[in-house]
Structures are given as C-alpha cells and as structure tokens.
Amino acid sequence: MAQRRLLVWFGVAALAAACLAILVTRIELDSDVINMLPKGFESVQGLKIYDRDFEQTRELTFALRCQPQDVDKLEEFGPIFAENLRKQPWCDRVLAGSPMETPDGIRDLQWIAIPLLLNLEPAAFEQTISILQPDKIRERLHRLHQQIEAGSPRPEFELAFDPLGIIGPALKPFAEANAIEQEQPLTSPDRTMRVLLAVTNQPSLNAFECQRLMRQVNIFRARASDGWDGGPLEVLVTGRSAYVAEISLSMRYDIVATLGSSVLLVGIIFFIGFRRWLPLLGMGFSLLLSCLVALAAGLLIFGRLSMVAVGFCAILVGLGVDFAILIFGRYQQARFDGEEYQQAIATSVAKLGRAVFFGALTTAVGFLALILSGSMGFSHLGVLIAIGIFFAGLFMCTILFLFVRPRQAPQRPDWVFEIVKKYVRWSVQRPAPMIIASGGILFLLTVIGFSPVPPLHFEASARSLEPKNSRAGQALQAIMEKMPARWEPVLAIVQAGDAEELHDDWQKISSHWAALQEAGKIKGFSTPAPLCLSPIWMEKNREHLRGVNLPTARQTLEETLSAEGFSPDSFAPAFKLLDDLQAVIDPRATLPDWRTQLPKSSSWWFLVDRYFARNPLLTTGFATTNEPVTTHAQSEQLDRDLRVRGVPVILSGWSYALADLQPWSHRQLLIISALMALFDIGLLAILYRDFRLWLIQIITLAFGIGAMIATMKLLSLHLNLLNVLSFRLVLAIGVDYGIYVVLVWQKTRELEHDVAGVIKPVILAGLTAVSGFGSLGWARNPSLSGLGIACAIGIFWSLLATIFFALPAMAAAKPKVWSGR
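I will try to describe carefully the structure that is included in this document. From a predicted model like this one, the values you see are computed outputs, not experimental measurements. (Residues numbered from 1 in each chain as written. Predicted model: local features only at pLDDT ≥ 70, side-chain atom pairs only at ≥ 80, totals over all residues. Heavy atoms only, no water.)

## Thoughts on the side chain of Ser470
For Ser470, the location among the structural elements is in the loop between strand 7 (458-459) and helix 18 (471-482). A polar contact of 3.4 Å, which involves the side chain of Ser470, links it to the backbone nitrogen of Ala472. Contact partners of Ser470, with chain neighbours within four places excluded, come to Tyr243 and Glu246. (Helix = DSSP H or I, 4+ residues; strand = E, 2+ residues; numbered from the N terminus. Polar contact = N/O pair within 3.5 Å; in protein donor to acceptor, adjacent residues only side chain to side chain. Contact = heavy atoms within 4.5 Å.)

## Remarks on the nonpolar core
As a rule of thumb, nonpolar side chains are buried together in soluble globular proteins. Within the largest apolar cluster, 140 residues are counted, with the highest numbers of intra-cluster contacts made by Met283, Phe312 and Phe773. A per-element tally of this core places helix 31 (residues 782-813) first, with 18 residues. Taken domain by domain, this core gets at least three of its residues from each of domain 1 (1-30 + 276-412) and domain 3 (418-460 + 661-821). Aside from chain neighbours lying at most four places away, what touches Met283 is Val266, Phe270, Val321, Ala324, Met396 and Leu400. Core analysis: the next-biggest nonpolar cluster, separate from the first, contains 80 residues, Ile112, Val490, Ile585 and Leu598 among them. (Core = buried A, V, L, I, M, F, W, Y, C linked by side-chain atoms within 4.5 Å. Buried < 20%, exposed > 50% of the residue type's maximum accessible area, 1.4 Å probe, protein only. Domains from an automatic or database assignment.)

## Considerations on the sheet that holds strand 3 (residues 91-95)
Here four strands make up an open sheet; going across it, the order is 3-4-2-5 and the pairing antiparallel. In this open sheet, the two edge strands, each paired with only one partner strand, are strand 3 and strand 5 (234-239). The sheet shows a mean angle of 25° between the axes of neighbouring strands, direction not considered. Where strand 2 (residues 59-65) and strand 5 come together, six bridges link them in antiparallel fashion. For Phe62, the partnering residue across the bridge sits in strand 5 and is Val237. Seen against the sheet, helix 3 (residues 71-86) touches strand 2, strand 3, strand 4 (193-200) and strand 5 and runs at an angle of roughly 10° to strand 4. (Pairing = 2+ DSSP bridges. Axes fitted to C-alpha atoms, helices over the stretch in contact; angles between N-to-C directions.)

## Brief notes about the pairing of strand 3
Buried residues dominate strand 3, accounting for four of its five residues. With four bridges joining them, strand 3 and strand 4 adopt antiparallel strand pairing. Bridge assignment links Cys91 to a residue of strand 4, and that residue is Thr200.

## Let's talk about the packing of helix 16 (residues 415-429) against helix 31
Put simply, helix 16 and helix 31 touch, their axes get as near as 8 Å, and they point 50° apart. With respect to each other, helix 16 and helix 31 are oriented oblique. You can see that helix 16 and helix 31 cross each other, and the crossing is right-handed. Across from Tyr423, Val424, Ser427 and Val428 in helix 16, the residues of helix 31 making contact are Ile803, Phe804, Leu807, Pro808 and Ala811. (Parallel < 35°, antiparallel > 145°, perpendicular 65-115°, else oblique. Left-handed = near helix turned anticlockwise from the far one by under 90°.)

Dropping the structure here:
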C-alpha cells in the first residue's frame, strides 16, 4: 500500500470494471413476495404454483366507491364504466355482474350443456335423458303453458333457457359445486361500492411488464369518472400486477433511502470521530467497492436477486465501516505515538488484524446462517452481506490507506477520546459502581424480556409482507371492509396424469368435503368436479343415448309446440340441442369438450380460470372454513380433515400457509438462534482461553438479547415470520464488540494507550452499525424495515452492555494497573 500505490490503483480499477460489467449485463431483481417465504413447505409451493400457472394472476379488481347519497347514480354509471373498461387495449374481458343475469351468460351455458350432460354419473344421465320421452315432453310443455297463463314469470324463463328440461339437470352439479362463488356479490350491501373484474393481456408478470400495465391503468383511472355527475367517486384497483408494480418501484426508493441515510449517518459519525475528509472518502470508496463485489458475486451465484437483498448495501455500510474505524483509529494512534506512515500501517494491521478477522468471521457466519431459513430472499441477503463483509475487512486493511496522505501530520487526541479515556480510567479503577448500576438495569430488562408477561406478540398475516402505504393493499382492504365478511378459503391443488384420473380425484374430494360440510367441519366448498370430464362416463352415456329415439322426440316437440300455440322459431335452441345429441351418437364423432364450446369472451371464464391452470390437468378447489385460519393448530386440523386417502393434493392459501409457517418461525427464533449462540460460545472459548472473560462475554450477550426483547415488548414492536431472523444477527454482530475489547485487554500493558484507544472505535463502530440497520426503517418493504429496526435495537443494547458492563466486569475479574502515556 505504501510502496506500490499505482499498481494497487490499477488492480482496484480492474476489479471495479469487472464488477460493473457483471452488474450491467446480468442485473435482475425478483419482486415476488412469495419468494420471501421458506421454500421447504408444501403450502408455500402451492402458493407458487397457483401464482405461476393460473390465469387469475392476470386479473385486476376495480372498485367504484361513492357517497351514500349517490348510490342510484353509481348503479347507472357502473355499466358505462364497464363498457369503457372493455375498450381498453390492455383488457381481454370484464366481469361486471353475475353471468346468470345477462342473456350472453345464459346462452353460454346452453353451449356447454351437451358435454356436462354426458359427464353426469350414468344413473343420473339415464334419469335425465328419460325426459325426452314423448309423454314427458307433452306434459312439461302443457304444464308450463298453464303456468304462464296463470301469470307466473318463472315458466317463461324455463322455456327460454331449458324448454326440454335436460339442461337444468346437466348444470345442477356445476351449480352445487360453485355455491360459495355465488355468495360473493359484486355490490356492497349499502350499494356504495361496485366491484368489476378485468383480465389483462400482459405477456408476462415480470416487474417491467407490470409497471407498463399499471401506467396504462392509471391513465385510464384518471379519466374513468368521465360522465359521472355525482359527488366524489373513487376508482380503486388491486391485483397481482398492481402489487408487483408497487413492490418493484419501491425497490428504487428502498435502495436510495436506506443507502443514502446509512451513508450520511455513518459519514457524520466517522467525521466526528476523526475529523478527516480524505479517509472518509476512502472509507466510502472501499464500502462501495465491497458492495459492487458482493452484488456481482451474488448475480453470478443466484442469477437474480430478491427484493429483500436490496437492503444489503445499507447493512454493509453500517457493518463494514466498523473495520475502517478500528483500523484507521489504530493507525491514528500509531502516528500520534511517533511512527512513520508505512510503520503505522503495519502496526494498525498487526494489532487489530486478528480482531478484524474474527469479527468478520462471526458476522459472516451469522448472515450465512440466513441460508438455513429456507427463504430465498433472506438467503440472498445473507450471502451478499457475508461476501461483502469479507471484502470490506480486506479493503479496510488495504485500499483505505490509499486515501491517507503519507506526509499528513498526526491528529491530536480529540474531545471524544478524552471523554472515553476518562470513562475507561474511572471504570477500571472503580468497577463496582458501574457493574452494579449497569448490571441492575440490564438484568431487569433481561427479566422483562424473557418473562411471559408482557407477551411479545407474533404477527402471522399477509399484511406483514405488504409494502407500506400500498395503494393496492389499501384498495383490497377497502373492498374487504365494504363487502360481506368472507375470509380467504383454503386452496387444494390437484394435478393428474390424465382426464380420467383428474375426474376420479375430484369426485372423491367433492364427496369427502360434502360429508365434512354436513358434519359442520367446514362452512362450504367449491370444486371443478363437474367440469372435469370423464371419458369413461361420457362413452358409457353416449352408448345409452343411442337407445333414445331422438327423431321421435323432435317430432313430438314440433307437434306439442303447435298444439300449445307456441312459435317454433322461439324454440330454436331446443331443436339445436336435439341435433347436437344426434351428432354425438355417431361413434366416429369426437366427444364434446366444454373448453372448445365456451366462447372466449364469455364471463364464465372468470369462474373457470379459478379452477384450471394453463395446463388443463392442473386444477384447484376451495374450502371455506368456519372461521379465519390464524393458528398452526387450525392448519393441522384442516390438513387432517381435507385430505382424501389416495388423492395427492397440495393444501395452500395465504392464511393457511402463514399459519403453517408458525412453527418454522418459532424454530428460527429458538433453535437457529441457539445454534448461533453455541457457535459464539465455542469460538469465544477458543479465542479467549480464559473462563472468567468467557463468562463475562456470555453474560453480556444474554443481557443484550434480553434488553432487545424487552424494548420490543415495551415499544409494542411485533415479531413476524421474518424479523425473527434478527436475533441470530444480533448474536453474530454483538459479540464482535466484546472480541475487540477483550483481545486488547488480554495483551495490553498500557490501559490508557490501548484499551481507551480501542473503546472509542468500538463506540463509533457500534453507532455506525445501529445507523446502518436503523436506516432500513425507511424501507417500504416491511420485512426489510422490521428486520432493520429489530437489529438496530439489539446492536444498540449489545454495545451498551459491552461498554458499561463487560469492561468494568473485566477490570474486576482480571484487574490491571492503570498506566498511560
């Protein structure tokens, strides 16, 4: 560093250029919230399958909300809005009301009647097709004619929809299987909100496509109220694309806000401590290079990085600067002692290189332990910071000195150092008062932290994963508040090898769930069973159909219509139905499939897409529970109840998955944190080889964690599925401060010169780490901000415990005579 500065600069430039090339050519960020959850759970895999393979993920939900006095105007404006929505180039189809309430919806059901009729159970098919006997046709039409003359409106609908009486029985299983879907109206009970569903034509769900779509949607929203003459009208929109667009755009803010605030706070602390601009610039450059190297390495390892990983820069700045403060602080001290530039570099690295290495090791291991979480997002975060910490330690011992002028006069001790020196002298010479005061406070907080009262609340809801102030989230919440209370159902995903297997699986599931509903174990269910065609049943029913005299049925229909005074032209659908049945009889004809007969513009596709993925053999059904799923015990009971022996099924859903993950989260809090603690304990035993110093350090760690938990309780900060990972990080980072102090304490012969000289950098390093993690509180990603705030609290208390408890405790356990220069 001192003799070949130009060569080192060339090496640094080459490394930076390589990293930038990788960054520009390979940068790709993953904005999928599901990837923040651990991947080793079937319920999480189910969410990913539903999110990836089902068309419903391209669905946007629009909501029109007006004032109570404008409900009649909203009813008139709804169809106008729906028509304008259909005209948008990014919109494929729109659902503005129940398909059964529109002529097109009724007509579409008539189109798919034949395949659903043939898919009836053979016994039910035989009973239904017997309606085509001449006597039954005459009796039905005569009865309906009499009811019409009596003034009843229902017979007119029956004659228009199902004049022969066989469409109704064919559609009955479909109606029964979708009962819960009809319970969710598109208008709120107070009529102040109308909901419309739109399927978009975006080619993919990546972040850039979702951003492009939402820009078009927002342009439409801005002029969507044209023609509205009432009071304020809100146009709300939510859906997968809206969330992805918001999350991906918030990444930019998170990067700028967290990194900017972290650099600013860390820079202020460094300057206050050393009052040097050029080393501050060198520290920033070294940290930036560490971030670039870690980011490039992460892209090479993972291909693309999770949205949580964007916070690694702010964390790395707060942690990596620790090494700069320690190394530069020791360099300044060596220069003050009269050493020349080159010798001062050697002294600083020799004296603190070991402490920096073990500090980087414990921190890197703590972050690498995030791999054990199973969460892709936090695994990325852990690996990036572990790599960055390693290079930050290396660069602070090397590149930092390129920004230190050899002929610069050494800085005289400042007021910060003088205060630190006085405290160290007092606490070493009279340790008992400080041990009693600090130990008492920390012990009280630790008791509060580990006691069951007050409780540390655990939040297991999807809202803990939503971006802060999300417009899509606020729209969804507004819709849920206005619409009748209905919580999220449990998803059951079934994939079969062929159509017959799929049909049999859903028949078994539907039968089993019907028994559960009758027993009161579930509130209701909805399955694709009637739409899962059975080739065996259909072929058997076609064989039976060959025994039916369809020409006679057609002749009877014509004669009866004439006798009852009906116009034959009005019954064209009935004649077409008979013609279609006649065509099916031909053994050379292909069995009809409702997928090819249902028009692509039909509103019924909104319902179909809920059940069928792009792969027609991948399907899902829905079970509504008696109460919202919030506990793991509920998810376990549902797992036992909903499964059917011999049918492979994946149970999922956001509420179900989060409840299923609660034991995992508790395990992260207890077992993995305990493993990190055992690693610290073993490393400290090897490093110190002194029982009393080792015990003091363990007590200090316990005090730091206990005070952290107590603070979260007192400030009503809740744990969630992801910020429980903060405890292992605090254990990994908090132990570093003790390592720096203890290693100097063991070897020093001049307390003022060495101990006071390391306490100041430790304090500055702790404050920068708190600033680095605390800056994550600005992030809009709640997982990232929650993790940052929890870590900042834990590191703060670990720093205080080290300075105000561990130092005087060491002076009492291993007393040394105060000496200084």
